[in-house]
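# Coordinates in review
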Amino acid sequence: MPKTKISIAVLVSGSGTNLQALIDAQNNGILKSGKVSLVISNNADAYAVTRAENANIKTAIISHKEFGDAGMEAKIIDQLNENKIDLIILAGFMRILSADFTRKYDHRIINVHPSLIPSFCGEGYYGLRVHEEALKKGVKVTGATVHFVNEIPDGGEIILQKAVTVPENSTPKSLQKRVMKLAEWKILPKACEIISNKILKGEI
Ligand code: GRF
């Protein structure tokens, strides 16, 4: 029987609101060509792990602190193989993956970044810093980008973007929340479906 869904692993480190958006998308039919079958966290205390457990998704904790970055990657690869994973989603995963890793999974890793790439992206641009810099620059429009991951941080091919206006008196925190709600949580599940469907059909 041909596969009806590909298997997805989500890599997380923190609160996991983007993971939740993917879980919700599975439940409401937006994500139908793929199934989140594994959540890997480098941080045992991440709330994302609880979200995965609540959704009955298998979890693995693989800490860079315990194994070092290379050891962590080797263990992640073992998990991906064991669970026959077809697509990897970085949803707030706070480690930069090595070029060896990203080359091994060419066009099989996607990431969500909280700005309109190529603005406010690259090494050092993560978390609140992205929004702090956007506010410092005084941009009137920001947003989020979902892109393939390659060896250049935030440098892979863009899959989807969504713009969000910047209200006056925004703070980095208020802007972060706005970008998540209006952009990230919408385009990540959509992009995940687009790419899952292409993999399922053998188009990529
Ligand atoms: C998001 O802003 C995402 O764009 C970035 O890290 C944050 C993760 O948040 N890569 P969460 O863990 O999904 O709530």
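Here, the structure is the one placed above.
These notes cover the structure that comes with them. (Residues numbered from 1 in each chain as written. Predicted model: local features only at pLDDT ≥ 70, side-chain atom pairs only at ≥ 80, totals over all residues. Heavy atoms only, no water.)

Relative to the helices and strands, Ile117 resides in the loop between β5 (109-113) and α5 (128-137). A residue is classified by how much of its surface remains accessible, and Ile117, at 10% relative accessible area, is buried. Distance from Ile117 to Lys58, taken between C-alpha atoms, is 32 Å for residues 59 residues apart in sequence. Dropping the residues within four chain positions of it, Ile117 is found in contact with Thr145, His147, Asp154, Ile158 and Gln161. (Helix = DSSP H or I, 4+ residues; strand = E, 2+ residues; numbered from the N terminus. Buried < 20%, exposed > 50% of the residue type's maximum accessible area, 1.4 Å probe, protein only. Contact = heavy atoms within 4.5 Å.)

All right, on to the site of the ligand then. Neighbouring the ligand are Gly14, Ser15, Gly16, Thr17, Asn18, Gly92, Val112, Pro114, Met180 and Glu184. At a separation of 2.7 Å, an oxygen atom of the ligand approaches a polar side-chain atom of Glu184. Its free accessible area being 370 Å², the ligand has 88% of it covered by the protein chains. The site holding the ligand turns out to be the largest pocket. Mapped by element, the contributors of at least two residues to the shell around the ligand are α1 (17-27) and α6 (172-200). Of the residues contributing to the shell around the ligand, the split by class is three nonpolar, six polar and one charged. (Near = heavy atom within 4 Å. Polar contact = N/O pair within 3.5 Å; in protein donor to acceptor, adjacent residues only side chain to side chain. Areas by Shrake-Rupley, 256 points an atom, 1.4 Å probe, with all protein chains shown as cover. 1 Å grid on protein atoms, 1.4 Å probe; cavity = no way out; pocket = protein on both sides within 12 Å on 5 of 7 lines; lining within 4 Å. Sits in = over half its atoms within 2 Å of the grid points. Nonpolar A, V, L, I, M, F, W, Y, C, P; charged D, E, K, R; others polar.)

This brings us to the sheet that holds strand β3 (residues 58-61). With mixed pairing, seven strands are arranged side by side in an open sheet as β3-β2-β1-β4-β5-β6-β7. In this open sheet, the two edge strands, each paired with only one partner strand, are β3 and β7 (158-165). Strand-to-strand, the axes of this sheet are offset by a mean angle of 20 degrees, without reference to chain direction. Across four bridges, the pairing between β5 and strand β6 (residues 141-148) is antiparallel. Across the sheet, the residue bridging to Ile110 is Phe148, located in β6. (Pairing = 2+ DSSP bridges. Axes fitted to C-alpha atoms, helices over the stretch in contact; angles between N-to-C directions.)

Counting 36 residues, the largest nonpolar core has Ile8, Val10, Leu19 and Ile89 as the members making the most contacts within it. The element best represented in this core is α6, accounting for nine residues. (Core = buried A, V, L, I, M, F, W, Y, C linked by side-chain atoms within 4.5 Å.)

Time to look at the layout of surface pockets. Regions of empty space are outlined by a rolling probe, equal in size to a water molecule, passed over the atoms. Approximately 820 Å³ is the volume found for the largest pocket. Listed by contribution, the elements that provide at least two residues to the lining of the largest pocket are α1, β5 and α6. When its residues are assigned to classes, the lining of the largest pocket shows 14 nonpolar, 16 polar and five charged. (Points joined across faces, edges and corners; volume = space filled by probe spheres on them.)

Moving on: the environment of Ile23. Within the fold, Ile23 resides in helix α1. When its relative accessible area of 5% is taken as the criterion, Ile23 is described as buried. Ile23 sits 32 residues away from Ala55 along the chain, and the two C-alpha atoms are 7.5 Å apart. Ignoring any residue separated from it by four or fewer positions in sequence, one finds Ile23 in contact with Arg51, Ala55 and Ile57.

A surface patch of like charges, here positive, comprises Lys162, Lys177, Lys181, Lys186 and Lys190. Counting residues per element, the positive patch draws most heavily on α6, which supplies four residues. (Patch = residues over 30% accessible without salt bridge, like charges linked within 9 Å, V, L, I, M, F, W, Y side chains within 5 Å. Salt bridge = Lys/Arg side-chain N within 4 Å of Asp/Glu carboxyl O. Lys, Arg positive; Asp, Glu negative; His and termini not counted. Charge placed at Lys NZ, Arg CZ, Asp CG, Glu CD.)

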